[in-house]
Each structure stands twice: as structure tokens, then as C-alpha cells.
Amino acid sequence: MTLPSTLSERADALEQQMSDELDVLLTKSALANMEDGQLGASGMGFDRTTKTGKHYLMGDDPRLPKLPDKPTLLDFFRCRAKGTNHLLQSATHALKAGMPETTILACLLHDVANAIFIKSDHGYWGAQLIEPYVDEEVSWAIRAHQALRFFPDESVGYKYPEAYIKHFGADYEPDEYIKAAYKRARNHKWYMSSRMITVHDIYSFDPNAVVSWEPFVDIVGRNFRQPEEGLGNDDSPSAHMWRTIRRPTKYL
Ligand SMILES: [Fe+2]
Ligand SMILES: [Fe+2]
């Protein structure tokens, strides 16, 4: 047997193998393929159903933890995040500093996009995801933290993160849209709310730090308007995003 030679052939072979082990056909979206350096959604252009006698997945991905029928925010973290330590540490930091509940919630959710959805432009995606369910100030702050992270503010002791020098190089310069977003945020009435996210957005990860959801359950309850029918089953402007996180490999 000859091994597939190109990256795209190898990706197809992997997908085939995944599907072989299950009784449904799995596909990946264009974005997921782009993240592997490939173009196009898989499952388009040729029909694997005839060849295999299987159907494309239109429900839950059997490889992922099953969400309840009416999933809550916490269910999504439980079943879709690899870990929430960074978020819990940031929120705990804000809690101990006596911040208002809206700031604590903003810290708890500031990287929700990285945790369960997408990294690139995570502040924008995260804000959009939760926007229908929180006070405008909370989603505004989460959106703006994306830009504010790159700019120091001596008045509150926020320095350019050492980690960014390590991650992006000493001469990394933020994109123009980030600089522009920073300038707008700097003069906004809610600037400090977003700035507080960056202040509590700690990179000193202590693997032994004991953090839990317990102190935040009530804060989420009071400040996150959980739809009764479950996130994604509602008709909010971001419900489709929650559904996609629930079923990332749904064929359509
Ligand atoms: Fe962030
Ligand atoms: Fe963060």
C-alpha cells in the first residue's frame, strides 16, 4: 500500500479513517481545513455516501461529550472546553480584588472564544457569542480587551505582557485595526471595564492553584440571561454560533 503523499491526501485519508471507525461520515469545514493549511470544506465535490453506504453526520458528533438538550453556559464549558483554569484564575483574581459582578463576569468570559470556539480575533468572537445574554458593558469590555492587551496603562499598573514578547517577538506590532480599536476604546466611557479584564488577565498560571466554578455560579446566574430553552435553541443573534459549537461537524 502506498502512503498518501500530499498534505491534502493525508487529510482525506485521516477523515476516511475517522469515518470508517464510526457509522456516520464526518467532514470538516473550510475553516477547520484552512487551519491545517488546506482550502475548502471536505465532503464537497464527491459523494462518499454511495461508496460507503453511510450518511453524513447531521447530529451530535459521537466523539465529543454530549450536551444536555437545554444546555447552559456552564454545560458548554463542561462539554466543549479542554479546561477553564485560565478563566477561573482571572475571575478569582477579580473577585479577590473586590471588583463588581459585571467585571468578574467579564473576566470569567473574556477568553470564551479561545476556550470553546476560535482563537483568531477571539475578543470579537467571544463578545458576539455572549452579547445577547449579558449587559452591553460586559460584551463591550470583552471585545475591547483584544486590543487593550497590547497597550500598557501605567495608571493601573498594566504593562505590556512579557509573554507577548516571547510569543510574538520583541518587535511585533499590532495590526492597524487593533491600534484603531485601542484608540477608540481609550476614549470610551467603559474603557476601565475592559482595562480591568487586562489587569486580571493573568499569565502566571499556577498549576496548583485551587480554583473552582463554585464562587461564580451565582454571579453567572444573576448576570448571564440564560435562555430557558437552552443556548442555541433560542432565537438570539448568536444562537447559531452556540449550535455550531454544539455540533461542529454537522454536515450543513
Ligand atoms: Fe484574551
Ligand atoms: Fe486571557
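**Let's talk about the overall build of the chain**
A tally of regular secondary structure across the chain gives 14 helices and 2 strands. Projected onto its principal axes, the C-alpha positions of the chain cover 65 × 45 × 35 Å. Residue burial in the chain is summarised as follows: out of 252 residues, 43% are buried. On the chain, roughly 14300 Å² of surface is accessible, and the fraction owed to carbon and sulfur atoms is 55%. Positive and negative side-chain charges of the chain, numbering 29 and 35 respectively, have mean locations separated by a distance of 0 Å.

**Considering the coordination of the iron ion (ligand 1)**
Binding of the iron ion (ligand 1) to the protein goes through Asp111 (OD), His122 (NE2) and His145 (NE2), at separations of 2.2 Å. Mapping the donors of the iron ion (ligand 1) onto the primary sequence yields the spacing D-x10-H-x22-H. A separation of 3.7 Å is found between the iron ion (ligand 1) and the iron ion (ligand 2), which share Asp111 as a coordinating residue. In this pair, Asp111 is assigned in the loop between α6 (101-109) and α7 (112-116) and His145 in helix α9 (residues 136-148), connecting sequence segments 34 residues apart.

**Let's talk about the packing of α6 against helix α13 (residues 214-223)**
Closest axis-to-axis distance for the α6/α13 pair is 10 Å, and the angle between their directions is 105 degrees. Judged by the angle between their axes, α6 and α13 are roughly perpendicular. On the side of α6, the interface is formed by Glu101, Thr102, Ile104, Leu105 and Leu108, while α13 contributes Phe216, Ile219, Val220, Arg222 and Asn223. Of the residues in the contact of α6 with α13, the class split is 6 nonpolar, 2 polar and 2 charged.

**Regarding the side chain of Thr249**
Looking at the secondary structure, you find Thr249 in the segment after α14 (239-246). On the accessibility criterion, Thr249 (10% relative accessible area) is buried. Polar contacts involving the side chain of Thr249 include one to the side chain of Asp61, which spans 2.7 Å. Among residues more than four places away in sequence, those in contact with Thr249 are Leu26, Thr27, Leu57, Asp61 and Arg63.

**A word on the environment of Tyr56**
Structurally, Tyr56 can be placed in strand β2 (residues 55-56). For the pair Tyr56 and Leu25, spaced 31 residues apart in sequence, the C-alpha separation works out to 4.5 Å. In this view, Tyr56 contacts Leu25, Thr27, Gly43, Phe46, Asp47, Arg48, Thr49 and Tyr251; residues no more than four positions away in its chain are not counted. Within the local environment of Tyr56, its side chain forms a polar contact with the backbone nitrogen of Arg48, the two atoms lying 3.3 Å apart.

**A short note on the coordination of the iron ion (ligand 2)**
Distances from the iron ion (ligand 2) to its protein donors, His86 (NE2), His110 (NE2), Asp111 (OD) and Asp201 (OD), fall at 2.1 to 2.3 Å. Its 4 donor atoms give the iron ion (ligand 2) angles of 80 to 168 degrees at the centre, a pattern that matches the irregular case. Read N to C, the donor residues that coordinate the iron ion (ligand 2) are spaced as H-x23-H-D-x89-D.

**Remarks on the nonpolar core**
The biggest cluster of nonpolar side chains holds 36 residues, and the ones touching the most others in it are Phe77, Leu109, Ile116, Ile130, Phe224 and Trp242. Secondary-structure elements contributing two or more residues to this core are α4 (73-80), α5 (85-96), α6, α7, α8 (122-130), α9, α13 and α14. At 6 residues, the largest contribution of residues to this core is made by α6. Residues in contact with Phe77, not counting those within four places in the same chain, are Thr84, Leu87, Leu109, Val112, Ala115, Ile116 and Trp213. By size, the runner-up hydrophobic cluster in this structure holds 13 residues, among which are Trp140, Ile178, Tyr182 and Ala185.

**With respect to unusual backbone geometry**
In this structure, Asp121 takes a positive phi of about 60 degrees despite not being glycine. As for its placement among the helices and strands, Asp121 is situated in the loop between α7 and α8. By relative accessible area, which is 24% here, Asp121 ends up partly exposed.

**Points about the pattern of salt bridges**
Counted by the stated rule, this structure contains 14 salt bridges. Put simply, Arg246 and Asp60 hold a salt bridge, and the shortest N to O gap is 3.9 Å. Of this pair, Arg246 sits in helix α14 while Asp60 sits in the loop between β2 and α4, and the two are 186 residues apart along the sequence. What makes Asp60 partly exposed here is its relative accessible area of 25%. One network of salt bridges, in which partners are shared, links Asp60, Lys66, Arg246 and Arg247.

The rules behind the values
- Residues numbered from 1 in each chain as written.
- Chains lettered and ligands numbered in written order.
- Predicted model: local features only at pLDDT ≥ 70, side-chain atom pairs only at ≥ 80, totals over all residues.
- Heavy atoms only, no water.
- Helix = DSSP H or I, 4+ residues; strand = E, 2+ residues; numbered from the N terminus.
- Buried < 20%, exposed > 50% of the residue type's maximum accessible area, 1.4 Å probe, protein only.
- Areas by Shrake-Rupley, 256 points an atom, 1.4 Å probe, with all protein chains shown as cover.
- Lys, Arg positive; Asp, Glu negative; His and termini not counted.
- Charge placed at Lys NZ, Arg CZ, Asp CG, Glu CD.
- Donors = N, O, S within 2.8 Å, 3.2 Å for Na, K, Ca; no water.
- Axes fitted to C-alpha atoms, helices over the stretch in contact; angles between N-to-C directions.
- Parallel < 35°, antiparallel > 145°, perpendicular 65-115°, else oblique.
- Contact = heavy atoms within 4.5 Å.
- Nonpolar A, V, L, I, M, F, W, Y, C, P; charged D, E, K, R; others polar.
- Polar contact = N/O pair within 3.5 Å; in protein donor to acceptor, adjacent residues only side chain to side chain.
- Tetrahedral: all angles 85-135°; square planar, octahedral: opposite > 155°, others 65-115°.
- Core = buried A, V, L, I, M, F, W, Y, C linked by side-chain atoms within 4.5 Å.
- Salt bridge = Lys/Arg side-chain N within 4 Å of Asp/Glu carboxyl O.

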